[in-house]
Amino acid sequence: MRSTTVPRGTPCVIPPAGEPPLHRLELPEPGAAPFAAGSFEEMGPLSWTDHPHRHTFYEIIHVTAGSGAHVIDFARWPVRPPHLAVILPGQIHHWQGDRDVDGTLALFTEDFLVDHPGDREVLRQLARTSWFALDTEDDTRIGRLMTDLAAEHRHRAAGHETVSRALLHVLVVRAARLPQHSGGTGPTQVTGPTQVTGPAEADGPDRAPARPAALAEAFTRLTAPREAVAWSVRECAERLGVSPGHLTRAVRAATGRSPGQLLIAARVYRAQQLLAHTELPVRQIAARIGFADPAYFCRFFRRETGSSPGDFRKHHRRHHQSIATAQTHA
C-alpha cells in the first residue's frame, strides 16, 4: 500500500499522467503521530492551493475569515465564514479565488483514529455534506477545540498524542451534531445529472473480521484505493478470506447495498473525478477504471448517471466557468 505519511520536505507523489497530485501527511520526525494541526500559515502553502489535488489523509478545516470558494469534488462552496469543512482521503479539492482565507486545520490518517475507530464512519457521513455553516455558539465551541488541537501539536508536551486523540474525537462528535444544511451557504453543484460519492482512500486489512458490520468495514477499506475499482466481488472476497456469498450477505446487512453495487458506485465516482479534474481522453479514463472497451464504458457511464462522459465533462466545466466568471465580476 502507498504510504500515507512522509518525512517533512518529501516531494509529492508523481501521479499517473494527467491526474491531480497526491499529497501525503508530513511528519516532523520518525515515529511521530500521524497528526498535524495549526493555522493555514503554519500548515504551509499547500493548505490553500488553487490546484486540484488529493490527500492520503483526512482534513478538517475551521474557516474563520476570507472570501472566495472551496471546490470539493463536484460542489463549489462559497467562503462565508465561519465554516467547518470535512475532506476525506482521495477527494479532489482546491481553493478558488480565495482572498485572505484564515482559520485552523487538523490533518490525520486512519491510524490516528485507533482509539475511536467508529469515527471513520462518522467522518464519511460528515463528508456527504462536506461544508457546515456555524452559528455563534457552534463557532465558539469548534474554535476552542481547533485551537487546543493546534496548541497540542505545536508544543508536543508530555501526553500530547493522547490529548490530541481525545480532542479530535470530541471534534468529530460535535461536528456530527451540526445541522446538515444551513440556509444561504449551500454549494453550487458543478456536475452533470447524477454524481456519486466514493469511498475514502485507506490502507486495507489482510484478513476480514467475521461480524457483518466489521466485514462491511473491511470491504470498504479494502476497496478504497484507486486500483480496487476494477476488482470483482469474487476478487474482493478472496482477498478478505471469505466466500462471495458471505461477503454479499454481510455487506448488504450492514449497508443495505450489495458489494457489486458499491463497486459500481466506486467506478462511477472515480470516472467522474477524472472527467471533472483531468484532461485525460475518455479511452484512457475507461482503461484506468477497468474497461478495455471505451464504448462499453460510455454505455456503463450513461446507464449509471444519465449522461455520457463527454456531456458530463462539458456540463461540469461550463457551469464551473460561468460561476467563476460571475464571482470575478461581482
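Structure: see above.
Read on for an overview of the structure. (Residues numbered from 1 in each chain as written. Predicted model: local features only at pLDDT ≥ 70, side-chain atom pairs only at ≥ 80, totals over all residues. Heavy atoms only, no water.)

Quick word on the overall build of the protein chain
- For the protein chain, the helix and strand inventory stands at 11 helices and 11 strands.
- Expressed as a percentage of the 330 residues in the protein chain, the buried residues total 49%.
- Within the protein chain, contacts between residues at least 6 apart in sequence are counted, and of these 72% link residues at least 24 apart.
- Accessible surface, the protein chain: about 15,000 Å² in total, of which carbon and sulfur atoms supply 52%. (Helix = DSSP H or I, 4+ residues; strand = E, 2+ residues; numbered from the N terminus. Buried < 20%, exposed > 50% of the residue type's maximum accessible area, 1.4 Å probe, protein only. Contact = heavy atoms within 4.5 Å. Areas by Shrake-Rupley, 256 points an atom, 1.4 Å probe, with all protein chains shown as cover.)

A look at the environment of Leu222
- Mapped onto the secondary structure, Leu222 falls in helix α5 (residues 212-222).
- Judged by its relative accessible area of 5%, Leu222 is buried.
- Distance from Leu222 to Leu240, taken between C-alpha atoms, is 8.2 Å for residues 18 residues apart in sequence.

Quick word on the nonpolar core
- The biggest cluster of nonpolar side chains holds 28 residues, and the ones touching the most others in it are Ile60, Leu84, Phe108, Leu123, Leu149, Leu168 and Leu171.
- Mapped by element, the contributors of at least two residues to this core are β4 (35-39), β6 (58-72), β8 (83-87), β9 (93-108), α2 (119-129), α3 (136-155) and α4 (160-176).
- For Leu84, the residues in contact, after removing those within four places along its chain, are Ile60, Ile61, His62, Ser130, Trp131, Phe132, Leu134, Ile142, Ala175 and Leu178.
- With 19 residues, the next largest nonpolar core counts Leu25, Ile61, Val63 and Ile72 among its residues. (Core = buried A, V, L, I, M, F, W, Y, C linked by side-chain atoms within 4.5 Å.)

Side note on empty space enclosed by the protein
- Using the criterion set out here, one finds two cavities of 30 Å³ or more in the structure.
- Reported here for the second largest cavity is a volume of approximately 40 Å³.
- In terms of lining residues, the second largest cavity is bounded by Phe112, Leu113, Val114, Asp115, His116, Asp119, Arg165, Leu168 and His169.
- The element best represented in the lining of the second largest cavity is α4, accounting for three residues.
- Looking at the lining of the second largest cavity, its residues break down into four nonpolar, two polar and three charged. (1 Å grid on protein atoms, 1.4 Å probe; cavity = no way out; pocket = protein on both sides within 12 Å on 5 of 7 lines; lining within 4 Å. Points joined across faces, edges and corners; volume = space filled by probe spheres on them. Nonpolar A, V, L, I, M, F, W, Y, C, P; charged D, E, K, R; others polar.)

Details of the packing of aromatic side chains
- Within the structure shown, the criterion is met by 13 aromatic pairs.
- Arranged with centres 6.3 Å apart and planes meeting at 50 degrees, the rings of Phe40 and Trp48 form a pair that is tilted.
- Judged by relative accessible area, which is 32%, Trp48 ranks as partly exposed.
- Each ring, one from Phe301 and one from Phe312, has its centre 5.7 Å from the other, and the planes form 80 degrees; the classification is edge-to-face. (Phe/Tyr/Trp six-rings, centres within 6.5 Å; stacked < 30°, edge-to-face > 60°.)

What about the pairing of β6?
- By the criterion of burial, β6 is predominantly enclosed, with 11 of the 15 residues buried.
- Here β6 pairs with β9 via 12 bridges, running antiparallel. Looking at the pairing, Val71 lines up with His94 of β9.
- In the sheet, β6 pairs with β8 via five bridges, with the strands oriented antiparallel. Counterpart to Val63 in the pairing with β8 is His83.
- Bridge count between β6 and strand β7 (residues 75-78): four bridges; the pairing is antiparallel. (Pairing = 2+ DSSP bridges.)

Examining the environment of His70
- Inspection of the secondary structure assignment puts His70 in strand β6.
- In this structure His70 comes out as buried when scored by relative accessible area, which is 0%.
- Once the C-alpha coordinates of His70 and Ala85 are considered, the two residues, 15 residues apart in sequence, prove to be 9.4 Å apart.
- For His70, the contacting residues outside a window of four places in its chain are Ile61, Ala75, Arg76, Trp77, Val79, Ile87, His93, His94, Trp95 and Trp131.
- Within polar-contact distance, the side chain of His70 engages the side chain of His93 at 2.9 Å. (Polar contact = N/O pair within 3.5 Å; in protein donor to acceptor, adjacent residues only side chain to side chain.)

Some points on the side chain of His62
- Mapped onto the elements, His62 comes out in strand β6.
- By relative accessible area, His62 is classed as buried at 4%.
- Polar contacts involving the side chain of His62 include one to the side chain of Asp139, which spans 2.7 Å.

Quick word on unusual backbone geometry
- Here the bond from Pro81 into Pro82 is cis, since omega is 0 degrees, no more than 30 degrees from zero.
- Position of Pro82 among the secondary structure elements: in the loop between β7 and β8.
- You will see that Asp100, though not glycine, has its phi angle at about 55 degrees, which is positive.
- Mapped onto the fold, Asp100 is located in strand β9.
- At Ser130, a residue that is not glycine, the phi angle is positive and equals roughly 75 degrees.
- Within the secondary structure, Ser130 sits in the loop between α2 and β10 (131-133).

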